[in-house]
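Each chain is listed here by its residues.
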Amino acid sequence: MKHLIKDMELVACLEGQLTKEAVKRLKEKLSENGELSLLYHLQCVYDNGLEEYANELIGEDDFSTKDSSTICLKPFTSSNEYRMVADKVFPEKEE
């Protein structure tokens, strides 16, 4: 059976305004319609749009850790350990 899914339902889901139960029902309806991948693609587009909008407002984030070498292989062993992301290359001194 095909379900009618309103645009407002999709927008509310993307904005995080739905409860867990409502999201579950929406995903079930999309799955029964054979359109579950639609939600994934909408989420990707929505996230990219938010990122572009944020970049317009405050500029692009130059402190990004998308490099795979920053993945921590050793898990935390106690609650008093602190870790931070730092650049390994020291900046050159200006004269």
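Everything that follows concerns the structure shown earlier in this document.
Scope of this entry: the structure provided in the associated data block. (Residues numbered from 1 in each chain as written. Predicted model: local features only at pLDDT ≥ 70, side-chain atom pairs only at ≥ 80, totals over all residues. Heavy atoms only, no water.)

1. Looking at helix H1 (residues 7-14)
Phase 1: Listed as buried for H1 are Leu10, Ala12, Cys13 and Leu14.
Phase 2: The elements touched by buried residues of H1 are helix H2 (20-33) and helix H3 (36-58).
Phase 3: Of the residues flanking the end of H1, it is glycine 16, one or two places downstream, whose phi is positive at about 75°. (Buried < 20%, exposed > 50% of the residue type's maximum accessible area, 1.4 Å probe, protein only. Helix = DSSP H or I, 4+ residues; strand = E, 2+ residues; numbered from the N terminus. Contact = heavy atoms within 4.5 Å.)

2. Thoughts on the packing of H1 against H2
Phase 1: As a packed pair, H1 and H2 sit with axes 11 Å apart at the nearest point and diverge in direction by 125°. When the axis of H1 is compared with that of H2, the two are oblique. For the pair H1 and H2, the crossing hand works out as left-handed. Two secondary-structure elements touch here, H1 through Glu9, Leu10 and Cys13 and H2 through Val23, Leu26, Lys29 and Leu30.
Phase 2: Residue composition of the contact of H1 with H2, grouped by class: 5 nonpolar, no polar and 2 charged. (Axes fitted to C-alpha atoms, helices over the stretch in contact; angles between N-to-C directions. Parallel < 35°, antiparallel > 145°, perpendicular 65-115°, else oblique. Left-handed = near helix turned anticlockwise from the far one by under 90°. Nonpolar A, V, L, I, M, F, W, Y, C, P; charged D, E, K, R; others polar.)

3. Re the nonpolar core
Phase 1: Membership of the largest hydrophobic core is limited to 7 residues, which are Ile5, Leu10, Cys13, Val23, Leu26, Leu30 and Leu39.
Phase 2: If you list the elements that add at least two residues to this core, you get H1 and H2.
Phase 3: The dominant element in this core, judged by the number of residues it contributes, is H2, at 3 residues.
Phase 4: Filtering out sequence-adjacent residues up to four positions away, leucine 10 remains in contact with Ile5, Leu26, Leu30, Leu38, Leu39 and Leu42. (Core = buried A, V, L, I, M, F, W, Y, C linked by side-chain atoms within 4.5 Å.)

4. Some thoughts on H3
Phase 1: Compared with an ideal rise of 1.5 Å per residue, which puts 23 residues at 33 Å, H3 spans 34 Å between its outermost C-alpha atoms and is within 8% of the ideal.
Phase 2: Among the residues trailing H3, glycine 59 stands out with phi positive, at a value near 90°. (Expected span 1.5 Å × (residues − 1).)

5. Re a nonpolar patch on the surface
Phase 1: A contiguous nonpolar patch, built from Tyr53, Leu57 and Ile58 and spanning about 390 Å² of accessible area, is present on the exposed surface.
Phase 2: Tracing the chain through its elements places isoleucine 58 in helix H3.
Phase 3: Isoleucine 58 sits in the exposed class, given a relative accessible area of 74%. (Patch = residues over 30% accessible without salt bridge, like charges linked within 9 Å, V, L, I, M, F, W, Y side chains within 5 Å. Areas by Shrake-Rupley, 256 points an atom, 1.4 Å probe, with all protein chains shown as cover. Salt bridge = Lys/Arg side-chain N within 4 Å of Asp/Glu carboxyl O.)

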